[in-house]
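Reading the structure
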Amino acid sequence: MTAGSAPRELELKFQLDDTARARLAGAGLSPQAATSVKRLTSTYWDTPDGALLAARVALRVRRTPEGFVQTVKAEGDGPFDRFEWEAPVSSERPERDALPPETTAPGKVAHTALDRLAPMFTTDFERTAWRLVPNAALQVEVAMDLGEVRADGVVPRRICEIEAECLSGTPIAFWQWATRFAARHRLRLGYATKNERGLRLAGRLPALPSPVKAAEVEGAGRAAPDPDATAAVAAARAARACIAHFAANVDPLLETEHPSAAHQLRVALRRLRAVVRFFGLGAIDPGWQEVETQARALADAAGKLRDADVFAAGTLAALREALPGDPAIDALHAALTRAQQADRVAAREMVSGVAATRLVLQAMLLAARLERAPGRRVAVDPRDARRQRFADFAALQVADAYARLRKRAKRADDAESWHRARIAGKNLRYAIEFAESALPKPKQVRQAADRLAELQELLGAANDAEVAAEVATRLLRADAGRGNGGDRAGGGGGGSHGQATASVDATRAVALIEGWAAHGRAMQGKKMKARARKLVAQLEDDLARTLERAEALRVLHAEQARLAASAAVGRSAAATPEPQAQSTHATTPVSEG
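Since the model is a prediction, treat every value here as computed from it, not as a measurement.

Quick look at a positive patch on the surface now. A cluster of like positive charges, contributed by Arg404, Lys407, Arg408, Lys410 and Arg411, occupies part of the molecular surface. Structurally, arginine 408 is set in helix H13 (residues 390–411).

With that settled, consider the pattern of salt bridges. Side chains that carry opposite charge are capable of pairing whenever their charged atoms lie near each other. One pass over the full model with this rule turns up 41 salt bridges. Across the pair aspartate 81 and arginine 8 runs a salt bridge, and its minimum N-O distance is 2.5 Å. One end of the pair, aspartate 81, is in strand S5 (residues 78–89); the other, arginine 8, is in strand S1 (residues 8–15), with 73 residues separating them in the sequence. Relative accessible area serves as the criterion here: at 30%, arginine 8 is assigned to the partly exposed category. Residue glutamate 551 pairs with arginine 554 through a salt bridge whose shortest N-O separation is 3.5 Å. Here the residue glutamate 551 and the residue arginine 554 both occupy positions in helix H17 (residues 544–575), the gap between them amounting to three residues, near one helical turn. Here glutamate 551 falls in the partly exposed class, since its relative accessible area comes to 43%. According to the relative accessible area criterion, arginine 554 is partly exposed, its value standing at 33%.

Among the 12 residues of strand S8 (residues 157–168), 10 are classified as buried, and the element is accordingly described as predominantly covered. Alignment of S1 against S8, held across five bridges, turns out to be antiparallel. For leucine 12, the partnering residue across the bridge sits in S8 and is alanine 164. With 11 bridges connecting them, strand S7 (residues 138–150) and S8 associate as antiparallel partners. Residue pairing in the sheet places leucine 146 in a bridge with cysteine 160 of S8. Counting the residues in the hairpin turn of S7 and S8 gives six residues, including glycine 153, whose phi is positive at 80°.

When pLDDT drops low, the exact placement of atoms in the prediction is not to be read closely. Looking at the protein as a whole, the pLDDT averages 87, with 86% of positions reaching at least 70. For the stretch residues 486–498, pLDDT sits under 50, and the model shows 13 contacts to residues farther than four places along the chain or on other chains.

Once that is clear, we can look at unusual backbone geometry. Working note: non-glycine residues mostly have negative phi, and peptide bonds are mostly trans. Of note, arginine 56 is a non-glycine position whose phi angle comes to about 60°, a positive value. Mapping arginine 56 onto the fold places it in the loop between helix H2 (51–54) and strand S3 (57–64). Of note in the backbone geometry, arginine 186 takes a positive phi value of approximately 50° without being a glycine. Tracing the backbone shows arginine 186 in the loop between helix H4 (171–185) and strand S9 (189–190). The exposure class assigned to arginine 186 is exposed, which follows from its relative accessible area of 51%.

Definitions and limits used
- Residues numbered from 1 in each chain as written.
- Predicted model: local features only at pLDDT ≥ 70, side-chain atom pairs only at ≥ 80, totals over all residues.
- Heavy atoms only, no water.
- Patch = residues over 30% accessible without salt bridge, like charges linked within 9 Å, V, L, I, M, F, W, Y side chains within 5 Å.
- Areas by Shrake-Rupley, 256 points an atom, 1.4 Å probe, with all protein chains shown as cover.
- Salt bridge = Lys/Arg side-chain N within 4 Å of Asp/Glu carboxyl O.
- Lys, Arg positive; Asp, Glu negative; His and termini not counted.
- Charge placed at Lys NZ, Arg CZ, Asp CG, Glu CD.
- Helix = DSSP H or I, 4+ residues; strand = E, 2+ residues; numbered from the N terminus.
- Buried < 20%, exposed > 50% of the residue type's maximum accessible area, 1.4 Å probe, protein only.
- Pairing = 2+ DSSP bridges.
- pLDDT = per-residue confidence, 0-100.
- Contact = heavy atoms within 4.5 Å.

And the structure:
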């Protein structure tokens, strides 16, 4: 628990393997140098109907060498910041006096459920801990946990991880240290808590994690930004929400082949990049530019897998149904299967690697710095997110995003220009999601978001059909590069004959896909364009109050700029000395023109 009155825990988990253990030991974090070595056995409790789980609350009683400690945890303000309440108890059975006050949300849930609690699972591990003091303002406990999660009737699950908890100090100091610590030892973040792993082992959650949408993460009790806060504070919250969305989808990508895992992970990264652009964060701190670059690289890795999944479920599935047994389509399907496997391996390596860890830690550090930005004042620059009132800043940004979409939709007349309109629509949708709590007429704003979702689906389907041939070409080229060019779905076909046949199949497959896309354009083109333009027009009514506010703010800022310029001219004139009288002996004439 961090210092201060708030019952708060700021903690990270890192994956631990033999290489990481060796690096840490070489840096002085060896068992011989440990502050303490303890065996800790914990029992986690919930009601039979999962009342604590439903409220996202965890309750455990831990046996330590010093006695029993009861802990209640709940989600906090971000993926690594949690509510935590600890108190000693007399046995492994939970006690009411050790629960948080009922005035807290976790305390209210725990008090209500106490009499119905039953043990769910246990953890048993050895904790080797080192207390570090990186500087006078920061204390951190680094702990290595080795042991098991156990539940009745199932094989135990291994615990092998490093935890780093802020004992005292500011979040900025902790994130600075964590970023350096992870980079120095090439550590990789882990995201699943012991509680989550235990719940899966005990059958209280599905055995494998499922992809998570942004709204499911952001709606987990985290407060919306205050319209009267600075835009910088709102930006920090939005960035943390994007990191939470990313973190929630790492394990689904690593442990499953669910097609939505890569999609949601890419959405999280795109939203993070959108936060950087929407709030102009690159101008506040150049570190955000690096975050955007890293997010783009990770999104591209997930995007290849996502594109292959969409192609498999869309265009290719339709062609296989329309042309069963066609050798070209069957060859493409075989190439797709191999590409999906390769793309999945590459995406998993990226999101679980040190680059992804650096992205997450750097974004958390920069978000903490944003909340330390200067307080609000009247600013001539309407884009100064550090000082502008969030409600004003949001109205201006949403109005500009709508203007771009309206302009692009009006001019769109081919696939490329409609693609640009789709991107503008996506950016407006993100802007509304970031700013919803600060915009007037919430019901109409939500309606605008729904229309944008429909617009994205409409234009996205058209875009998927347009890029299908590009995806097919990439897949076939990659497959040939892996030496699979001579394979046929029906059997062997090596040598030059097999390669020639494969080349014919590839050409035919791409031609079929291009023809399929052209057929789709002919059937749906006019209808799609008319519906898209109607949706864009309806957005103007949904966002009318926001657009009115933005126009009023532009007038105000223009007047502020005029007054500031006038005052500057006045100060300059006051500081300029009066010219001296001209000498009667001057030889240079003064021009009258």
